[in-house]
Each structure stands twice: as C-alpha cells, then as structure tokens.
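# Breakdown of the fold
Chain residues, written in single-letter form:
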Amino acid sequence: MQIVSSPAAMQRLAQKWQRAGTRIGFVPTMGYLHAGHLSLVQRARQAAGSRGKIVVSIYVNPTQFAPTEDLANYPRDLKRDLKLCRAAGVDVVFTPGDAAMYAGKAEGIYSTFVAEEKLSQRMEGATRPTHFRGVTTVVAKLFNLVQPDMAVFGQKDFQQAAVIKRMVADLNFPVKIIVAPTLREADGLAMSSRNKYLDAEQRAQAVILYHALQAASAAVQTKSISAARLKTDLQEFITAAPAARLDYVEFFDPETLVPAARVKRGTQMALAVFFGRTRLIDNARL
Ligand code: PAF
C-alpha cells in the first residue's frame, strides 16, 4: 500500500493509471475509520474489480466546518487508519495537508469554491450554512486529483450523497457515484466517527435516532400521516431520551429532496439530534 501526501503526486499517479486503462475506485473520508468506512472500501473494490486500484483519502477538510464546530477536536488516528486500510486491501491512501490542499489560503489568495445551490439548502444546510460548500469544493478537488471512475459515499449522509450526485451531473464529472448502506452498531446506532464523543449515558440514549426511524416507519406502513403531526409526535418521542435535543426531523422525496406534506411508505426521513455538543444524524426510507 502506498501513502501519498502530495496532491501533485496523487494526480500524476492517477493520470498514469488512467493512461493504462486501470479502473480507479475512490472512497473519500475524514479518517478515524470504522467498519462503515471499510464497507465502502469493499464496495469500491467490487465496483473497480480485482485489477482496479482503490484510493482512500484521509483528510479532515477545514472548509466544511464552521468556526464554532469540532474541526480542532475531530478524532484522528492515522496510524490505526493506515493499518485498517492495509488490511482492507487499499492500494493508495491519500493524506494531503491543509497547506497543499488549499495552497494560498493562508495568504488570502485561494478564492475558488464549488457550491450546489438547491439540495444543499435545507436540513444539514440550514443548521450548517457553509458545510456543503466545503464538501462540494473538497470533493471536486479530490475528484480532480484522484480521477476516479467511481466513488463510494455512505447512505448515512443521505443529503451529502444527493448534493454530490447533483454536482457530478451538473459539472460533468466522469465519475459514477455509488451510495452504500449505513452500517449500524448492535443496538441500531448508525456508525459514525463522532460516536466517540458520546459519554456512556449519551451513548445509551443515542439509539433514539434509530428508534425514531423505526417508529415512523411502522406508523406509515398502511396509511399516510401529515408531516406536521408526525414531527410533533417524534419530537415528543425523542425527548423521552433526556440527554437528546432534536435539531430537525424532515420528510422528503428521496430523489428531489422536496419536503413531503404527507408521509407515507417510501418517503425519506432524516433527523439530527444533539447530545450535549455532539450532533448525530441518521435517515431511512420509511
Ligand atoms: O463524508 C465525509 O467524510 C466528508 O464529508 C467527505 C465526503 C470526505 C468530504 O470531506
């Protein structure tokens, strides 16, 4: 397994592979890898084939964090991540630094960003207004450097995957976007690097996100319910976990992300819940 930290070297390697007709599968991450990330690597391997090359990027992208967010504390363990990548059969781990990824930013020269302006506005975008601009910017840059034929994203970040698919279509990136299912802990909590922030009590209560998805799903299997009514019910359901504070719960069309007035089987639900300063998200097709 090769470790590449220079963006220029990564791009040269990707160009060499592209010239040789080698398929490149890509999994962009912010590190602190867990089984969910490794399932994305397996999916990339399956898509790229045994002769393809798998690149995992590990980069905690500063432009997708607001100044008040957890950039400085975001968990990092590169040594462990590299071990996991090696065991998972990754060919290249791309670990750029900020100075190389955003050359000229410290001097105030860096001035180009990529922004999706529709799907990114609600939910995560409403709570974190600059987040998706950071994500689309870094993913566009990573696509230019890694030149993947396919890239795998987790379904846990449902809105992120939708925004990236839109960007790829709108800006003609020749990249197939694959969205892989959310991996869950034994009790149902979606795997996330941020779960590490939870104390024992918060961790025990964090399963409320999954239970809320299940309760909503059960409620709409045979009938439709008004979104407003279901939101009120879920708000109450979630406050049964005393450490939980609901940020949002939304119901929408899984393709267009257009909010649904009535919730029925097949509607997409997403929610974000704070436990102290830690904010967890989850989603499901009901
Ligand atoms: O989902 C993530 O970990 C990040 O948003 C991504 C896609 C790696 C961009 O920094």
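Please read all numbers here as calculations on a predicted model, not as lab measurements.

## Focus on the pattern of salt bridges
Under the defined criterion, the tally for this structure stands at 11 salt bridges. Close ionic contact of Arg128 with Glu69 constitutes a salt bridge, the shortest N to O distance being 2.8 Å. Of the two residues, Arg128 is situated in the loop between helix H5 (124-127) and helix H6 (131-146) and Glu69 in the loop between strand E3 (53-58) and helix H3 (78-87); the sequence distance between them amounts to 59 residues. Ionic pairing is found between Glu250 and Lys231, a salt bridge with its closest N-O pair at 3.6 Å. Residue Glu250 is found in strand E8 (residues 244-252), and its partner Lys231 is found in helix H10 (residues 227-239); the two are separated by 19 residues along the sequence. Linked through salt bridges whose partners overlap, the residues forming this network are Arg122, Lys231 and Glu250.

## Concerning the sheet that holds strand E11 (residues 278-285)
The sheet built from 3 strands is open, its strands ordered E8-E10-E11 with antiparallel pairing. With partners counted over all chains shown, the strands left at the sheet margins are E8 and E11, one partner each. Neighbour-to-neighbour, the strand axes of this sheet turn through a mean angle of 15°, independent of strand direction. Where H10 meets the sheet, it contacts E8 and strand E10 (268-275), and its direction lies at approximately 155° from that of E8.

## Quick look at the packing of aromatic side chains
Using the criterion set out here, one finds 6 aromatic pairs in the structure. Ring geometry for Tyr102 versus Tyr110: centroids 5.2 Å apart, planes at 75°, classification edge-to-face. Here Tyr102 matches Tyr110 in class, with each residue buried. Summarising the aromatic geometry, the rings of Phe143 and Phe173 are spaced 5.7 Å apart at their centres and angled 75° between planes, so their arrangement reads as edge-to-face. With Phe143 in helix H6 and Phe173 in the loop between helix H7 (158-170) and strand E6 (176-180), this residue pair connects regions lying 30 residues apart in the sequence. Its relative accessible area of 3% is what places Phe143 among the buried residues. Clustering of aromatic rings is evident, with ring pairs tying together Phe26, Phe143 and Phe173. Here the basic side chain of Arg133 rests over the ring of Phe113, its NZ or CZ set 3.8 Å away from the ring centre. The ring of Phe274 is capped by Arg279, whose NZ or CZ atom sits 6.0 Å from the centre of that ring.

## Some thoughts on unusual backbone geometry
Of note in the backbone geometry, Gln147 takes a positive phi value of approximately 50° without being a glycine. The residue Gln147 is located in the loop between H6 and strand E5 (150-154) in this model. Among the residues examined, Gln147 registers a relative accessible area of 23% and is labelled partly exposed. The backbone of Leu257 sits at a positive phi, close to 65°, despite the residue not being glycine. Within the secondary structure, Leu257 sits in the loop between E8 and strand E9 (262-263).

What counts and what doesn't
- Residues numbered from 1 in each chain as written.
- Predicted model: local features only at pLDDT ≥ 70, side-chain atom pairs only at ≥ 80, totals over all residues.
- Heavy atoms only, no water.
- Salt bridge = Lys/Arg side-chain N within 4 Å of Asp/Glu carboxyl O.
- Helix = DSSP H or I, 4+ residues; strand = E, 2+ residues; numbered from the N terminus.
- Pairing = 2+ DSSP bridges.
- Axes fitted to C-alpha atoms, helices over the stretch in contact; angles between N-to-C directions.
- Contact = heavy atoms within 4.5 Å.
- Phe/Tyr/Trp six-rings, centres within 6.5 Å; stacked < 30°, edge-to-face > 60°.
- Buried < 20%, exposed > 50% of the residue type's maximum accessible area, 1.4 Å probe, protein only.
- Lys NZ or Arg CZ within 6 Å of the ring centre and 35° of its normal.

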